[in-house]
Amino acid sequence: MITGDNRLTAATIAAEAGVDDFLAEATPESKLKMIREYQAGGRMVAMTGDGTNDAPALAQADVAVAMNTGTQPAREAANMIDLDSNPTKLIEIVEIGKQLLMTRGALTTFSIANDLAKYFFIIPAAFISTYPALGVLNILGLHNAILSAVIFNAVVIVALIPLALHGVAYRPMTAEESLRKNILIYGVGGVIAPFIGIKIIDIILVLVGVGMR
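These numbers come from a predicted model, not from an experiment. (Residues numbered from 1 in each chain as written. Predicted model: local features only at pLDDT ≥ 70, side-chain atom pairs only at ≥ 80, totals over all residues. Heavy atoms only, no water.)

## What about empty space enclosed by the protein?
- Enumeration according to the criterion identifies 1 cavity of 30 Å³ or more in this entry.
- Reported here for the largest cavity is a volume of approximately 90 Å³.
- Forming the boundary of the largest cavity are 12 residues, of which F121, P124, A125, N138 and A145 lie nearest the centre.
- Sort the elements by how many residues they give to the lining of the largest cavity and helix α5 (residues 89-127) lands first, with 4 residues.
- The residue inventory of the lining of the largest cavity, partitioned by class, reads 9 nonpolar, 2 polar and 1 charged. (1 Å grid on protein atoms, 1.4 Å probe; cavity = no way out; pocket = protein on both sides within 12 Å on 5 of 7 lines; lining within 4 Å. Points joined across faces, edges and corners; volume = space filled by probe spheres on them. Helix = DSSP H or I, 4+ residues; strand = E, 2+ residues; numbered from the N terminus. Nonpolar A, V, L, I, M, F, W, Y, C, P; charged D, E, K, R; others polar.)

As structure tokens, this is what we get:
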């Protein structure tokens, strides 16, 4: 907590709010200096404020939230404005941001793994007439590899829409844990899904009379 109030007032408010550290009697320069020191240490800094004295620090912060009841300079310097003027909204904003990053990572991991697996079917099928030896890669015995892969790709795009809209459930974790989870769930899933989905689509195509390889 950074405030221009005297140390006694700041200590009282910090104790009531459960804040474990604070800077009292802060000037606009000292607020700006503290944020720059955190950023120089490799940290991303989020700040919320409502006063004119907060404007320089809000402009410097990586994520800045001004209160709707704040001054015009503070609102202009911020990235977003909290219409409810509730400082605790900053925690929710950080959680939403992390959820968006986790969702993007999950979708990216799945898409890369899914594309790599699909090309395992598409490339041999595309060149099998020129290089018959590539037929040995048709381990699933597909009759319509390319068409099945194209249809599967369209189905997967539609299936991923709910995940993109609702996002991956947010749980506090480190970047390493998040990466491991993405690889295990969406990476492995992205590799396995085409094998199952393309084979099922190929069987359906054969049943309806589409038999071209």
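## Points about the confidence of the model for the protein
- The predicted model of the protein averages 86 in pLDDT, with 98% of residues at 70 or higher.
- Considering each helix and strand of the protein separately, the mean pLDDT is smallest for α5, with a value of 85, and largest for helix α3 (residues 55-60), with 94. (pLDDT = per-residue confidence, 0-100.)

## What to know about helix α7 (residues 175-207)
- Taking 1.5 Å as the rise per residue, α7 with 33 residues should run 48 Å; its terminal C-alpha atoms sit 46 Å apart, in good agreement.
- Along α7, the largest kink reaches about 30° and is centred on G190; proline P194 follows within four residues of it.
- Among all positions of α7, only S178, K181, N182, Y186, G187, G190, P194, G197, I198, I201, D202 and L205 are buried.
- Next to the buried residues of α7 lie α5 and α6 (145-166).
- The positive-phi residue at the C-terminal boundary of α7 is G209, with phi of around 100°. (Expected span 1.5 Å × (residues − 1). Bend = angle between axes of the 7 residues up to and from the residue. Buried < 20%, exposed > 50% of the residue type's maximum accessible area, 1.4 Å probe, protein only. Contact = heavy atoms within 4.5 Å.)

## Considerations on the pairing of strand β1 (residues 46-49)
- Going residue by residue along β1, you find M47 and G49 tucked away on one face and A46 and T48 left uncovered on the opposite face.
- Bridge count between β1 and strand β2 (residues 63-67): 4 bridges; the pairing is parallel. Residue M47 lies in a different strand from β2, and its bridge partner there is A64.
- Handedness of the crossover joining β1 and β2 through α3: right-handed. (Pairing = 2+ DSSP bridges. Right-handed = clockwise from strand over helix to strand, strands pointing away.)

## Regarding the pattern of salt bridges
- Counting across every chain of the model gives 4 salt bridges.
- Residue K31 pairs with D54 through a salt bridge whose shortest N-O separation is 2.6 Å. Taken together, the positions of K31 in helix α2 (residues 28-40) and D54 in the loop between β1 and α3 put the pair 23 residues apart, joining distant regions of the chain.
- Assessed through its relative accessible area of 6%, K31 is described here as buried.
- Looking at D54, the relative accessible area reads 9%, which means it is buried.
- One salt bridge connects K89 with D84, and the closest N-O pair in it is separated by 2.7 Å.
- Taking relative accessible area as the criterion, K89 reaches 25% and is therefore assigned partly exposed. (Salt bridge = Lys/Arg side-chain N within 4 Å of Asp/Glu carboxyl O.)

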